[in-house]
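# Understanding the architecture of this molecule
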Amino acid sequence: MAKRKTTPEFKALAAVVVLAAVALILFIVKTVLVRDNDESVPAALAPTAEDTQQTLGTSDTDDDNNSSAANTFAENSNYDAANLERYEEYQKNNPTCDAKTVVTMVNIGLDREFYTYTQAADLSLGNYIIVNKYNYLSEDYQPDDLVEISDTNSSRGGCKLRSEAAAAFEKLADAARDAGYSLLAYSGFRSYDFQNTIYNNLLKNDTKENVDTYSARPGYSEHQTGLAMDVCSKTEIYTDYEKDEGCGWVHENMHKYGFILRYTEENSSVTGYMAEAWHMRYVGVEAATYIYENNITFEEYYDTVLKGKAE
């Protein structure tokens, strides 16, 4: 039988078929290996670190960033490790805030809605007691050293403050008079029941949401501490006290007598209240001077300065 002669065309075709078969086999092997996610997958076929990061949405870089953020928070003296997750969430929602601001705002409670996660006010703080929308007083709380403001420095009878605060107010009012201005006490200590009456009367003509911006709920009023005073003058009622010619002098000098302007337009996001030019709070000369010179709230002072000393 004669031997069949192999042509060049045939050889070329055979080579193509062989290469195609090899490629198919390699493709099948690669597919099976990747699908099974076998640990023996060759490095060339295994998913890269970048692929894994894209799939899981995390990366070593994210871990480094989280660690860096935690370290940045911890650099602040008022850092509380128990609040780390809250710090991270607050900064996520407020990306323009620096770490110090984040720590302070969260410690105050501002990552949560007002009147939520409330706690009893710390009575051991004395003149530094904090009563706000997160810290409350019991219904029966009343200071045992209340002193009535003199008729000379009061617009009506019955205005009381704790003894130290009352003495300081008398000096401030006398100094204002010497400077040619009128400063009179209008409303000092208020009991829980009295504040409850005020608050509920306001609700008869306004929404709870609105009332909460200008009146404290019962138990959450600074007036119950006996350390807060609403003031007026001989010519202006307390709600119009800002119009009085002596208002500016009082605001610029009250810290020398231990008082701070508690609610301003600038700090309303922290306090939760509209500006009240008539509401002053006694905290003592040292604290009042620091708060005035650094233009911060009482909450910020407590968290960044006083708390560290107390501990």
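Our subject is the structure listed above.
What you see as residue numbers is a count from 1 along each chain, following the sequence as written. With pLDDT at 70 or above as the cut-off, local features in this predicted model cover only qualifying residues; side-chain atom pairs require 80 or more to be listed or tallied, and sums for whole chains, interfaces and linings still use all residues. To get the side-chain values, take all heavy atoms of the structure and skip hydrogens and water.

### Focus: the pattern of salt bridges
- A pairing counts as a salt bridge when a side-chain nitrogen of Lys or Arg comes within 4 Å of a carboxyl oxygen of Asp or Glu. Using the criterion set out here, one finds ten salt bridges in the structure.
- Asp 303 serves as the salt-bridge partner of Lys 307, at 2.7 Å between the closest nitrogen and oxygen. Separated by four residues within a single helix, Lys 307 and Asp 303 lie in helix H12 (residues 298–310), roughly one turn from each other.
- Relative accessibility decides the category of a residue: with a 1.4 Å probe and only protein chains considered, values under 20% of the type maximum give buried, values over 50% give exposed, and everything between is partly exposed. Assessed through its relative accessible area of 4%, Asp 303 is described here as buried.
- In this structure, a network of salt bridges that share partners links the residues Glu 222, Arg 262, Arg 281 and Glu 299. In DSSP terms, a helix is any run of H or I states spanning at least four residues, a strand is any run of E spanning at least two, and both are numbered starting from the N terminus.

### Observations regarding unusual backbone geometry
- One non-glycine residue, Tyr 115, lies in the positive phi region at around 65 degrees.
- With respect to the element layout, Tyr 115 can be found in the loop between helix H5 (99–108) and strand E1 (119–120).
- For Tyr 115, a relative accessible area of 14% corresponds to the buried category.
- Despite not being glycine, Asn 295 has its phi angle at roughly 50 degrees, a positive value.

### Some points on the packing of helix H4 (residues 84–93) against H5
- The interhelical angle for the contact between H4 and H5, taken along N-to-C directions, is 115 degrees, at an axis separation of 9 Å. By crossing handedness, the relation of H4 to H5 is classed as right-handed. On H5, the residues that touch Arg 86, Tyr 87, Tyr 90 and Gln 91 of H4 are Ala 99, Val 102, Val 103, Met 105, Val 106 and Asn 107.
- Note on residue classes: Ala, Val, Leu, Ile, Met, Phe, Trp, Tyr, Cys and Pro are nonpolar, Asp, Glu, Lys and Arg are charged, and everything else, Gly too, is polar. The residue inventory of the contact of H4 with H5, partitioned by class, reads seven nonpolar, two polar and one charged. The angle between two axes is taken between their N-to-C directions and runs from 0 to 180 degrees, where each axis is a line fitted to C-alpha atoms and a helix contributes only its stretch in contact. Two helices that cross are described as forming a left-handed crossing if the nearer one is turned anticlockwise from the farther one by less than a right angle, and a right-handed crossing if clockwise. In what follows, residue pairs with any heavy atoms lying within 4.5 Å of each other are defined as contacts.

### Looking at the sheet that holds strand E5 (residues 184–187)
- A strand pair is defined by DSSP finding two or more bridges across the two strands. Taken in spatial order, the four strands of this open sheet run E5-E6-E8-E7, and their pairing is antiparallel. Of all the strands in the sheet, the pair left with one neighbour each is E5 and strand E7 (259–261). The sheet shows a mean angle of 45 degrees between the axes of neighbouring strands, direction not considered.
- Sheet analysis places strand E6 (residues 228–232) next to strand E8 (residues 279–282), joined by three bridges and oriented antiparallel. Its bridge partner lying in E8, Asp 230 is registered against His 279.
- Helix-sheet contacts for helix H6 (residues 163–178) involve E5, E6, E7 and E8, and the interaxial angle to E8 is about 125 degrees.

### Overview of the packing of aromatic side chains
- Classification of ring pairs uses Phe, Tyr and Trp, with its six-membered ring standing for Trp, and accepts pairs whose centres are within 6.5 Å; under 30 degrees between planes counts as stacked, over 60 as edge-to-face, and the remaining range as tilted. Evaluated as defined, the whole model comprises twelve aromatic pairs.
- Ring centres 5.2 Å apart and planes at 65 degrees place the aromatic pair Phe 259 and Tyr 282 in the edge-to-face group. Of the two residues, Phe 259 is situated in strand E7 and Tyr 282 in strand E8; the sequence distance between them amounts to 23 residues.
- Looking at Tyr 282, the relative accessible area reads 5%, which means it is buried.
- In this structure an aromatic cluster arises from ring pairing among Phe 73, Tyr 79 and Tyr 87.

### Structural notes on the environment of His 223
- Tracing the backbone through its elements, the reader meets His 223 in the loop between helix H8 (208–211) and E6.
- For His 223, a relative accessible area of 3% gives the class buried.
- A C-alpha to C-alpha distance of 9.8 Å links His 223 and Lys 160, two positions 63 residues apart in sequence.
- When neighbours within four sequence positions are excluded, His 223 is seen to be in contact with Ser 187, Gly 188, Phe 189, Arg 190, Ala 228, Met 229, Asp 230 and His 279.

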